[in-house]
Amino acid sequence: VLPVAKPEPVAKPKPSPTQQPTAKPPVVEVKPVVKPEPQPIAKPIAKPEPKPAPTPIAKPSVKPSVKFDFYGQSIEVSDNKRLAQSFRGRINNDSIADYWQRLASQPHKAQVNELLDQAKSLKLNDWSTALLFDQYARQLHPRDDTSRQLTSWFLLVKAGFNARVAYNDRVFLLMPTQQELYGVTYFTFNGLRYYAVNLNDTPVATGRAYTYSGSHADGNRKLDFASPSTFITAQKPAQKTLRFSYQGTKHEIELAYNLHLVPYLASYPQLDLQHYLSAGMPDDTQYQLLSQLKPLVEGRDELDAVNLLLRFVQTAFEYKTDHDQFRQENYLFPLETLHYPYSDCEDRAALFAWLTNQLLGLDTVLLMYPGHVAAAVATKQAQGDSHTYKGKRYTVADPTYVNANAGMTMPAYRGKQPQVIGSY
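Residues numbered from 1 in each chain as written. Predicted model: local features only at pLDDT ≥ 70, side-chain atom pairs only at ≥ 80, totals over all residues. Heavy atoms only, no water.

A. Highlighting the environment of Tyr-369. The residue Tyr-369 is located in strand β15 (residues 364–369) in this model. Taking C-alpha positions, Tyr-369 is 6.6 Å from Gln-419, a pair spaced 50 residues apart along the chain. (Helix = DSSP H or I, 4+ residues; strand = E, 2+ residues; numbered from the N terminus.)

B. The arrangement of the sheet that holds strand β19 (residues 419–421) in detail. One open sheet accounts for five strands, arranged β17-β18-β16-β15-β19; its pairing is antiparallel. Only two strands of the sheet have a single neighbouring strand rather than two, namely β17 (386–389) and β19. Strand-to-strand twist in this sheet, taken as the mean axis angle between neighbours without regard to direction, amounts to 40 degrees. Together, β15, β16 (372–377) and β18 (392–397) form the strand contacts of helix α11 (residues 345–360), whose direction differs from that of β16 by roughly 15 degrees. (Pairing = 2+ DSSP bridges. Axes fitted to C-alpha atoms, helices over the stretch in contact; angles between N-to-C directions. Contact = heavy atoms within 4.5 Å.)

C. Up close: the nonpolar core. With 106 residues, the main nonpolar core has Trp-153, Phe-312 and Leu-355 as its most contacted residues. At nine residues, α11 tops the list of elements feeding residues into this core. If we ignore the near neighbours within four places in the chain, the residues touching Trp-153 are Ile-96, Trp-100, Ala-163, Arg-164, Val-165, Leu-173, Tyr-212 and His-216. Ranked by size, the runner-up nonpolar core spans 15 residues in total, among them Tyr-369, Ala-376, Tyr-394 and Val-396. (Core = buried A, V, L, I, M, F, W, Y, C linked by side-chain atoms within 4.5 Å. Buried < 20%, exposed > 50% of the residue type's maximum accessible area, 1.4 Å probe, protein only.)

D. Examining the packing of aromatic side chains more closely. Summed over all chains, the structure comprises 25 aromatic pairs. Aromatic pair Phe-189 and Tyr-194: ring centres 5.2 Å apart, planes at 85 degrees, arrangement edge-to-face. The exposure classification of Phe-189 matches that of Tyr-194, with both residues buried. Between Phe-231 and Tyr-264, the ring centres sit 5.1 Å apart and the planes meet at 85 degrees, which makes this aromatic pair edge-to-face. Highlighted residues: Phe-231 in the loop between β9 (208–211) and β10 (237–246) and Tyr-264 in helix α5 (residues 261–266), separated in sequence by 33 residues. Considered together, Phe-231 and Tyr-264 belong to a single accessibility category, that of buried residues. (Phe/Tyr/Trp six-rings, centres within 6.5 Å; stacked < 30°, edge-to-face > 60°.)

E. Focus on the pattern of salt bridges. Evaluation of the coordinates by the stated rule reveals 11 salt bridges. Residues Arg-148 and Asp-145 are paired through a salt bridge, measuring 2.7 Å at the closest nitrogen-oxygen approach. Remark: Asp-145 and Arg-148 occur in helix α4 (residues 145–158); sequence separation between them is three residues, near one turn of the helix. When its relative accessible area of 3% is taken as the criterion, Arg-148 is described as buried. (Salt bridge = Lys/Arg side-chain N within 4 Å of Asp/Glu carboxyl O.)

F. A look at the packing of helix α7 (residues 283–297) against helix α8 (residues 302–315). Interaxial distance between α7 and α8 falls to 10 Å at its minimum, and their mutual angle equals 135 degrees. One finds that α7 runs oblique with respect to α8. Crossing of α7 over α8 shows right-handed handedness. Contact residues: α7 offers Leu-289, Leu-293, Leu-296 and Val-297, while α8 offers Ala-305, Leu-308, Leu-309 and Phe-312. (Parallel < 35°, antiparallel > 145°, perpendicular 65-115°, else oblique. Left-handed = near helix turned anticlockwise from the far one by under 90°.)

G. Just the packing of helix α1 (residues 93–104) against α4, in detail. At a minimum axis separation of 11 Å, α1 and α4 run at an interaxial angle of 60 degrees. In terms of axis orientation, α1 runs oblique to α4. Between α1 and α4 the crossing geometry is right-handed. Two secondary-structure elements touch here, α1 through Ile-96, Tyr-99, Trp-100, Leu-103 and Ala-104 and α4 through Ser-147, Leu-150, Thr-151, Trp-153, Phe-154, Val-157 and Lys-158. Here the residues of the contact of α1 with α4 are counted per class, giving nine nonpolar, two polar and one charged. (Nonpolar A, V, L, I, M, F, W, Y, C, P; charged D, E, K, R; others polar.)

By themselves, these observations are geometric and do not establish any function.
This is the structure we're talking about:
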């Protein structure tokens, strides 16, 4: 018997600022008399190619199939009733081993390959692929959680993933991951951490649990949460208008995005904050946002362009702490920051750092203070408050400090040494 390990706490110190502070407007915030030479955008903004609809997997029309919805996308897998084996009896090592053998003795390769083909067609990463396999297992066992969990485990191992199970009065799926997870219970086997991953809203392991001793050589791949924005879902369009002012000029950014991606991104467990920097956005939404901001920063000097992006993130989004909005700590991916009515300091810092890197080509980092996260930019000439990281000087840029320009630290954190994380 192994105790369920205490989940790692979410990385951001608490509490966050309950209100979004406002800096005194700069005495002078005007364009220089001598306009600098336009600076080319760091990365060309290529208009995304229209995405073809995923190619359905051909199946003989005479055979029945299992059909289900996956974030708006219709999935169809050839039917195999022999995979719908029901688990009976007490949950223990012997009964789990017996259930595995019952599934392994049935034809299953066709269904595993079809699900993998669907995952490839939809450009799923490991996390969404695991969700897809689990959703298929739910169709086989809509009211039997134990059979469904064990079937998900079996299919994922046959698909090449490293997976195990633990149990008490329920069964829990355990998988090692490429990234560290927060707020998720785990077990350690031979120095490798296995998390009780929560697929499709399954309750996580609690109390003490036994671990099934069997392991299977079919699967050895760790679960990877990278590249969350590649998923080709069906379209469920939503609109958003973001308004802000800079140097007396009002700007509006009009965006369309896919609502099906919001619950998918919400399914993610909490990762290290740095992973939200590199997540990016779906190509079409990214193109809309960058192509509208690009002409606003072109032709400005470096700090002026940074300040415009700061003002955009500071004022185009309403502030509220995660605990006020979600009743728990909840880091947001950039698309989620666009979607939800409110965001807090780490969400804004991640979005600002991504925008600054994409539009200006400047290295950015996050600054973690007790209870607050800001950003900093590697400008050619540091101005105001700055910090050194790996031999490079970074100017403070706080997307939560309204009207603050680059080089201004929020008063509550002035003079404090932050932890530098998430270089991008």
